[in-house]
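Observations on chain architecture
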Amino acid sequence: MSAREPRVVTAIPGPCSARLLERQAERESNARTYPRKLPIGIARAAGSYIEDVDGNVFIDFLTGAGVLALGHGHPEVVEAVERQLRTLCHSLDFPTELKDEFTELQLSLLPAEMRDNTKIQFCGPAGANAVDAALKLCKTATGRGEIVAFQGAFHGSTHSAMAVTGLVAQKEPVANVMQGVHFFPYPYPYRSALPPADGISAGQACAHYFETVLNDPSGGVTRPAATIMEIVQAEGGVIPAPTDFVQAVRRVTSDLDVPLIVDEIQTGCGRTGTWFAFEQHGIIPDVILASKALGGIGMPIAVVFYNKRLDVWEPGAHTATFRGNQLAFAAGIAAVRIIQRDRVLDNVREQSMYARERLDEFEAEHDFIGEVRGVGLMLGIEIVDPLTGATDSVLARRIQRGALERGLIVELGGRDDCVVRFLPPLNVTRETLDQALDIVEATFADVAAPAAVHTARAV
């Protein structure tokens, strides 16, 4: 595949995609999600582009929900996986030279003060399993059972990960979700859960509430086994936590001897412009969760980094058959080497600044854009009703669909799925970024006319 620009030549879905989607609906679980709003059948992909089975070409700014840090099929990463295929693919948790190299490289990417005091846990090859492992670890190490999480969080869909996720609709059909989870407000200035106060930022207000409740003998929350936090709520609507809040949470948890788990499953591996997002706030967590882009080109892997003082596991306390994925180790090593050699994180910061400038211009032009926000190449646009400021999921879906029909794949997230999310490859070129932003601009212009008519009628 050699496409370097989007090309849509059929209706969406095209006839071949429609046939595959119909067969999928007949045979696959109702739990499937992405093809419902992005109805295409994929044939092949390379770099930032996907071709469907009808010959349409799309810019992929979903990238496997952030898995594909270097886009699809980076040739050097593919070559590394192909070499490993002929040697060894699966090894449970036996040591191998490749695994040792992967471990050494990953530890070297931690802040200097963590490198000699951190262990790595290879768990099941999905972020939700890393969440589960971290919760179990902290409960075991502290002997306590309560967990603190934050409103708006998303940590996965397994039983324990769902329990620390804020999405109520996900929990309602399931009886007896893991008990003992306490949700605290997360700073979301555009829609603050706490009443605004003069001179008090959203981060300060949420931090004050967090500290007050955990230190209040009548606050109702016993000292927890762990606090789990995203530095940027990704699926929650691309909401970056301000530094004052992050530092306050770290200070309070340290004072109370509560392990702080930082979920970097989507923000890690350079997505925000530093290897981990927490580095931008000057804190040192006790536990770090990583997955998604860790596997280079989509090879499944998840790990838990944790302070050695927490290493109280008994043998077999948390196992997984596929924790020794040698292909993922090979891909992960190759991807890190490329990111370092090609100064990919510089590209993340550069293209992020450029994209924000253009998105801010769009915000000034369209009153249905409530807020543009994000960090690095994790960006979001909150779509609202211009008259009320309420979330407008219908318009957000129209924007997603309009972009798809012009050749751009984007995801929705946040409250009511009203945030249009952008997760381009970290090595995205300015040319591709401009193609995508031009599509966004055209889509906004197209939906703006009906919105203007609706506003005029309401007035």
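This structure is a prediction, so every number in the text was calculated from the model and none was measured.

1. Some remarks on the state of the cysteines
Where two cysteines share a covalent bond between their sulfur atoms, that bond is called a disulfide. In total, this model carries zero disulfides according to the counting rule given. No disulfide involves C269; its sulfur sits 13 Å from the nearest other cysteine sulfur, which is in C123. Here C269 falls in the buried class, since its relative accessible area comes to 5%.

2. Section: the sheet that holds strand β1 (residues 42-46)
Read from one edge of the open sheet, four strands run β1-β2-β3-β15, paired in mixed fashion. Each end of this open sheet is capped by a strand with a single partner; those strands are β1 and β15 (408-409). As defined by bridge partners, β1 adjoins strand β2 (residues 49-52) across four bridges and the pair is classed as antiparallel. The partner of A46 across the bridge, within β2, is Y49.

3. Considering the side chain of D52
Mapping D52 onto the fold places it in strand β2. Put simply, D52 is tucked away with no salt bridge, and the nearest opposite charge, on R7, sits 7.7 Å away. A polar contact of 2.8 Å, which involves the side chain of D52, links it to the backbone nitrogen of N56. Apart from residues no more than four positions distant in its own chain, D52 is found in contact with S17, I40, G41, I42, A43 and F58.

4. Brief notes about the packing of aromatic side chains
Throughout the structure, instances matching the rule amount to 13 aromatic pairs. Their ring planes at 75° and their centres at 5.5 Å tell us that F184 and F210 sit as a pair that is edge-to-face. Here the residue F184 occupies a position in strand β6 (residues 181-184), and F210 occupies one in helix α10 (residues 202-215), the gap between them amounting to 26 residues. Among the aromatic side chains, those forming a connected cluster through ring pairs are F150, F184, Y186, Y209, F210 and F245. Looking at K99, its charged tip hangs above the ring of F122, at a distance of 4.7 Å from the centre.

5. Quick notes on the pairing of strand β14 (residues 378-383)
Burial analysis of β14 places six of its six residues in the buried class, which makes it a mostly covered element. By the alternation rule, side chains of β14 split into M378, G380 and E382 and L379, I381 and I383, which are all buried. By the bridge criterion, six bridges tie strand β13 (residues 369-375) to β14 in an arrangement that is antiparallel. When the sheet's bridge partners are listed, E371 is paired in β14 with E382.

6. Details of the pattern of salt bridges
In this structure the tally under the stated criterion is 26 salt bridges. Where E431 meets R4, a salt bridge forms, and the shortest distance between an N and an O atom there is 2.9 Å. Placement of E431 in helix α15 (residues 430-458) and of R4 in the segment before α1 (15-27) is noted, with a sequence separation of 427 residues between them. According to the relative accessible area criterion, R4 is exposed, its value standing at 54%. Between E211 and R251 there is a salt bridge, with its nearest N and O atoms 3.1 Å apart. One end of the pair, E211, is in helix α10; the other, R251, is in helix α11 (residues 243-255), and 40 residues separate them in sequence. Among the residues examined, E211 registers a relative accessible area of 27% and is labelled partly exposed. The class for R251 is partly exposed, based on a relative accessible area of 37%. What emerges from the salt-bridge pattern is a single network uniting R191, E371, R373 and E382.

7. A word on the side chain of Q233
The topology assignment puts Q233 in strand β8 (residues 232-233). At 3.0 Å, the side chain of Q233 and the backbone oxygen of Q151 are in polar contact. When sequence neighbours within four positions are dropped, the list of residues in contact with Q233 reads F150, Q151, G152, A153, Y186, V238, I239 and R415.

8. Notes on the packing of helix α4 (residues 75-85) against helix α12 (residues 326-341)
Put simply, α4 and α12 touch, their axes get as near as 8 Å, and they point 150° apart. Put simply, α4 runs roughly antiparallel to α12. As α4 packs across α12, the resulting crossing turns out to be right-handed. On α12, the residues touching E76, V77, A80, V81, Q84 and L85 of α4 are Q326, L327, A330, A331, A334, A335, I338 and R341.

9. Overview of α12
The terminal C-alpha atoms of α12 lie 23 Å apart, and with 16 residues this matches the ideal 22 Å at 1.5 Å per residue to within 8%. The buried fraction of α12 amounts to 13 of the 16 residues, a majority that puts the element mostly inside the structure. Backbone nitrogen of L327 and a side-chain oxygen of the N-cap are separated by 3.1 Å at the start of α12; the cap is N325. The positive-phi residue at the C-terminal boundary of α12 is R343, with phi of around 50°.

10. Overview of the environment of M1
Along the chain, M1 falls in the segment before α1. For M1, a relative accessible area of 38% corresponds to the partly exposed category. Sequence separation between M1 and H281 is 280 residues, and the spatial gap between their C-alpha atoms is 41 Å. In contact with M1, not counting residues within four places along its chain, are R44, A45, A46, Y49, I50, E51 and V57.

11. Remarks on unusual backbone geometry
Cis geometry is adopted by the peptide bond preceding P13, which originates at I12 and carries an omega value of 0°. By the secondary structure assignment, P13 is in the segment before α1. For C269, which is not a glycine, the phi torsion comes out positive at approximately 60°. Positionally, C269 belongs in the loop between β10 (260-263) and β11 (287-290). For D416, which is not glycine, the phi dihedral falls at a positive 60°. Tracing the sequence through the fold places D416 in the loop between β16 (411-413) and β17 (419-422).

Conventions and cut-offs
- Residues numbered from 1 in each chain as written.
- Predicted model: local features only at pLDDT ≥ 70, side-chain atom pairs only at ≥ 80, totals over all residues.
- Heavy atoms only, no water.
- Disulfide = S-S within 2.5 Å.
- Buried < 20%, exposed > 50% of the residue type's maximum accessible area, 1.4 Å probe, protein only.
- Pairing = 2+ DSSP bridges.
- Helix = DSSP H or I, 4+ residues; strand = E, 2+ residues; numbered from the N terminus.
- Lys, Arg positive; Asp, Glu negative; His and termini not counted.
- Salt bridge = Lys/Arg side-chain N within 4 Å of Asp/Glu carboxyl O.
- Polar contact = N/O pair within 3.5 Å; in protein donor to acceptor, adjacent residues only side chain to side chain.
- Contact = heavy atoms within 4.5 Å.
- Phe/Tyr/Trp six-rings, centres within 6.5 Å; stacked < 30°, edge-to-face > 60°.
- Lys NZ or Arg CZ within 6 Å of the ring centre and 35° of its normal.
- Axes fitted to C-alpha atoms, helices over the stretch in contact; angles between N-to-C directions.
- Parallel < 35°, antiparallel > 145°, perpendicular 65-115°, else oblique.
- Left-handed = near helix turned anticlockwise from the far one by under 90°.
- Expected span 1.5 Å × (residues − 1).

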